[in-house]
Amino acid sequence: MIRYYELSDQGVATSVEPTQITDDGRKAVIFLGGILQQTAEPGQALRERLQSTCSHIREQTQIYLVVPSGTRNTDQSSSETPLPKAKDPTMPYVNIIARDLLFPDYKITVWKCLPQPLLTEEITAHLQHFILVGDSQDRYLLQQLENISCKILTSARLPLSALPSVQTLMARPYAQHNRLRALGNDVLNRFYPSTPTFQETFSQSITHSYRAFSPEMPFSEKGPNPQPLDSNYRDGKPSFFPMEGERISDLYHHERSIEEAIRDLLGDTIASQNTEHSHEKEQKPKQEEGDLIRHQALQRLLSNISLEDLKYDICTEVFDLHIHPDRTGIWKQTLLVLNEIQRLVPGDVLPWQRTSKLSLRDLCDIIDLDINEIIVRHLMRALQTLISQGQIHSDDAILMCEFVLETNDPKVNQQTSEALIDMAADLITPGNPLIYFSIGCGDGQADADLINRLWNQYPDQQILIAGMDTNALKMTHPFEYGFDGVMIPPPLHTNHKTYPTLAREAFAVPHADVLIVDRYALHHFGTPYKRIQELLDGCPMLSVDEPVNALERAHLWSRVTRIAYDLLMNWGFDMVKDQDWIIPALSTHSPQSEQFRILYRWAETLPETDTQIQGVYPRTDVIKYQPFQY
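Residues numbered from 1 in each chain as written. Predicted model: local features only at pLDDT ≥ 70, side-chain atom pairs only at ≥ 80, totals over all residues. Heavy atoms only, no water.

A. Summary view of the overall build of the protein chain. Along the protein chain, the regular secondary structure elements total 21 helices and 15 strands. Looking at the 630 residues of the protein chain, the share that counts as buried comes to 52%. Long-range contacts, defined as pairs at least 24 residues apart, comprise 79% of the intrachain contacts of the protein chain with a sequence gap of at least 6. Accessible surface, the protein chain as shown: approximately 28,700 Å² in total, 50% of it carbon and sulfur. (Helix = DSSP H or I, 4+ residues; strand = E, 2+ residues; numbered from the N terminus. Buried < 20%, exposed > 50% of the residue type's maximum accessible area, 1.4 Å probe, protein only. Contact = heavy atoms within 4.5 Å. Areas by Shrake-Rupley, 256 points an atom, 1.4 Å probe, with all protein chains shown as cover.)

Given below as structure tokens:
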């Protein structure tokens, strides 16, 4: 319904995606008047006016126009999509602008995870990117945009205090009264009594111009005529004419070009930002910097995702393959329109699946694995783009990883070590050795503290150390030379031996007690949890994991954001710790998404309550399985 055009130095309008506007380093000067025109392309007169108006501010800004993608003609024979019927025909367009530019879904998802005051800083930094420009008739659109913005933030439970960061500039013709050069909310609500009064609205500036840059064919009968913002009333109606005793020529003294007004706004903002950044660099500790970097990197990664392409791939590669033909329509419609993934029900199952030994939950796992692999593929392409453009580099990786290791790990390790001691106390049998078996152990550093704690707690107990990790087999592992332990190759699908059997055989102790430890590993095994349950064979397991709830699985953006963070942090640890996992998958033109398989556990099926570690993002739980269930 909306097209965004970038205006070149030569006055050529080129169609762009919303993410290109939000990610451009320069200020985005956006002209709203195109919404009111009836053509689906920026008119020549409008382009020429804007080109001459903004010719000298190109270095600091980029100029964009907003126009409807379909004609407003009601002729049903037209090939263009007509404007949806609504009480206010402009509202759907304004709503799209708010959600495309000011409050994209991917940014709201990230903002919800931020603590104060970082939350307000991030929203403010994003909204400062925009200057909304129009003439007096566009003020009605701006009022709608303010109202929608407040509703979006309120529904997302985000603060409204950052809204004044959006700067607006209204160019008024001289035939309007001069005393309203600086409008306030009290005046605006006087002319729009049906609009609620909000304490936080956009920053408003007024300038005067000899010429307005109105669209060629504005609304007439289709929508409410925006009232002129003037304090003159005659017969109960606002008037465009000067008050008695005033001359229009008197207003010429207040002439300011629109370009000059925009430059003033840019100067105020840049000076304010420079002051804030210099103060922040002096005061902000390194830890907060790491937290900020990881959220900024996540935003950049998400902004490089084409949601429409992603949804198309999911529909064609997953729904068409796994969902009954009679039900694929509703699955696709729900995803394409609502950005949500249906919950599998028996009617969705294909006939051959009904005769298999797979349960409905097992089929859910298979579908989730395939959806997540497509998401990973798109995210890897986006990450490749960020790396190639220098938008993310090794310094960012260091700061992100240091933040996680210094902030999250102490909380996780404390709760994990306490749970480990409790489980060992219940498991140890006099005379039997205890095998500490870490699956997905990586370089073993995360296990070292746990092993030492176990040895200190039970000095007389024989404790054997085993590990399993695909990448760890390429080198001598710390478990082998530091703890006199062994590394066990992951079992193939043709190997029916279970984890406890493999551990006992590795040490030739058939009667040993086995305690399996999983730290963020199982959800990367790339296999349904039915298979994992078979491999564990009733063995107790201590798991540190990041489960997701039904809402996070159903909503596409929540799912994408969760996987994006997982991918981003593991890329960071690749850079810092040389774990050689994500970087090889990005080294080819087509990312090897199969190397980063993801299947998160369901939070609502955890065997215990109160397992979540407070103050850690993403949600992290320490779970004691005796035995494993899913």
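That shown, we press on.
B. Structural detail: the confidence of the model for the protein chain. For the protein chain, the average pLDDT comes to 77, and 71% of its residues sit at 70 or higher. When the criterion is pLDDT under 50, residues 71-87 qualifies, and its contacts beyond four places in sequence or with other chains add up to 25 contacts. Confidence drops under pLDDT 50 across residues 173-200; counting only partners more than four residues distant or on other chains, this segment forms 78 contacts. (pLDDT = per-residue confidence, 0-100.)

C. Here's a closer look at the pairing of strand E13 (residues 513-519). Among the 7 residues that make up E13, 7 are buried, leaving the element largely enclosed by the rest of the structure. Where burial is concerned, the two faces of E13 agree: the one with Asp 513, Leu 515, Val 517 and Arg 519 and the one with Val 514, Ile 516 and Asp 518 are both buried. Here strand E10 (residues 434-439) pairs with E13 via 6 bridges, running parallel. Bridge pairing links Tyr 436 to Leu 515 in E13. (Pairing = 2+ DSSP bridges.)

D. Quick peek at unusual backbone geometry. Cis geometry is adopted by the peptide bond preceding Pro 618, which originates at Tyr 617 and carries an omega value of -5 degrees. Topologically, Pro 618 is positioned in the loop between helix H21 (582-586) and strand E15 (621-625). In this structure, Pro 627 follows Gln 626 across a cis peptide bond, with omega equal to 0 degrees. The backbone of Ala 508 sits at a positive phi, close to 55 degrees, despite the residue not being glycine. Mapped onto the elements of the fold, Ala 508 is located in the loop between helix H17 (499-507) and E13. In the Ramachandran plot, Asp 537 falls in the positive-phi region, its phi being about 55 degrees despite a non-glycine side chain. Tracing the backbone through its elements, the reader meets Asp 537 in the loop between helix H18 (529-536) and strand E14 (541-545).

E. Expanded view of helix H5 (residues 118-127). Most of H5 is tucked away, with 7 of its 10 residues classed as buried. Among all positions in H5, only Leu 118, Leu 119, Glu 122, Ile 123, Thr 124, His 126 and Leu 127 are buried.

F. Layout of a nonpolar patch on the surface. Nonpolar side chains collect at one region of the surface, where Ile 398, Met 575, Val 576 and Ile 583 lie side by side and expose about 290 Å² of accessible area between them. Assignment of secondary structure puts Val 576 in helix H20 (residues 556-577). (Patch = residues over 30% accessible without salt bridge, like charges linked within 9 Å, V, L, I, M, F, W, Y side chains within 5 Å. Salt bridge = Lys/Arg side-chain N within 4 Å of Asp/Glu carboxyl O.)

G. Spatial organisation of the pattern of salt bridges. Summed over the entire model, instances satisfying the criterion amount to 15 salt bridges. Of the charged contacts, one joins Arg 377 and Asp 313 as a salt bridge, the two residues approaching to 3.9 Å between their closest N and O atoms. Residue Arg 377 is located in helix H13 (residues 360-388), and its partner Asp 313 is located in helix H10 (residues 307-322); the two are separated by 64 residues in the primary sequence. A residue is classified by how much of its surface remains accessible, and Arg 377, at 18% relative accessible area, is buried. Among the salt bridges present, the one from Arg 597 reaches Glu 373, with a minimum N-O distance of 3.7 Å. Here Glu 373 lies in helix H13 and Arg 597 lies in the loop between H21 and E15, a separation of 224 residues in the sequence. Salt bridges sharing common partners tie together Asp 313, Glu 317 and Arg 377.

H. Region of interest: the packing of helix H14 (residues 394-427) against helix H15 (residues 445-457). Running from N to C, H14 and H15 cross one another at 40 degrees; their axes reach a closest spacing of 10 Å. When the interaxial angle is binned, H14 and H15 end up oblique. Relative to H15, the crossing made by H14 is right-handed. Contact residues: H14 offers Asn 413, Thr 416, Ser 417, Glu 418, Leu 420, Ile 421 and Ala 424, while H15 offers Leu 450, Arg 453, Leu 454 and Gln 457. Of the residues that constitute the contact of H14 with H15, the class distribution is 5 nonpolar, 4 polar and 2 charged. (Axes fitted to C-alpha atoms, helices over the stretch in contact; angles between N-to-C directions. Parallel < 35°, antiparallel > 145°, perpendicular 65-115°, else oblique. Left-handed = near helix turned anticlockwise from the far one by under 90°. Nonpolar A, V, L, I, M, F, W, Y, C, P; charged D, E, K, R; others polar.)

I. Representation of H10 within the structure. Between its first and last C-alpha atoms H10 spans 21 Å; for 16 residues at 1.5 Å apiece the expected length is 22 Å, and the two agree. Bending of H10 peaks at approximately 30 degrees at the position of Cys 315. Where H10 is concerned, the buried positions are Leu 307, Leu 310, Lys 311, Asp 313, Ile 314, Cys 315, Val 318, Phe 319 and His 322. Contacts from the buried residues of H10 go to helix H11 (328-338), helix H12 (351-354), H13 and H20. (Expected span 1.5 Å × (residues − 1). Bend = angle between axes of the 7 residues up to and from the residue.)

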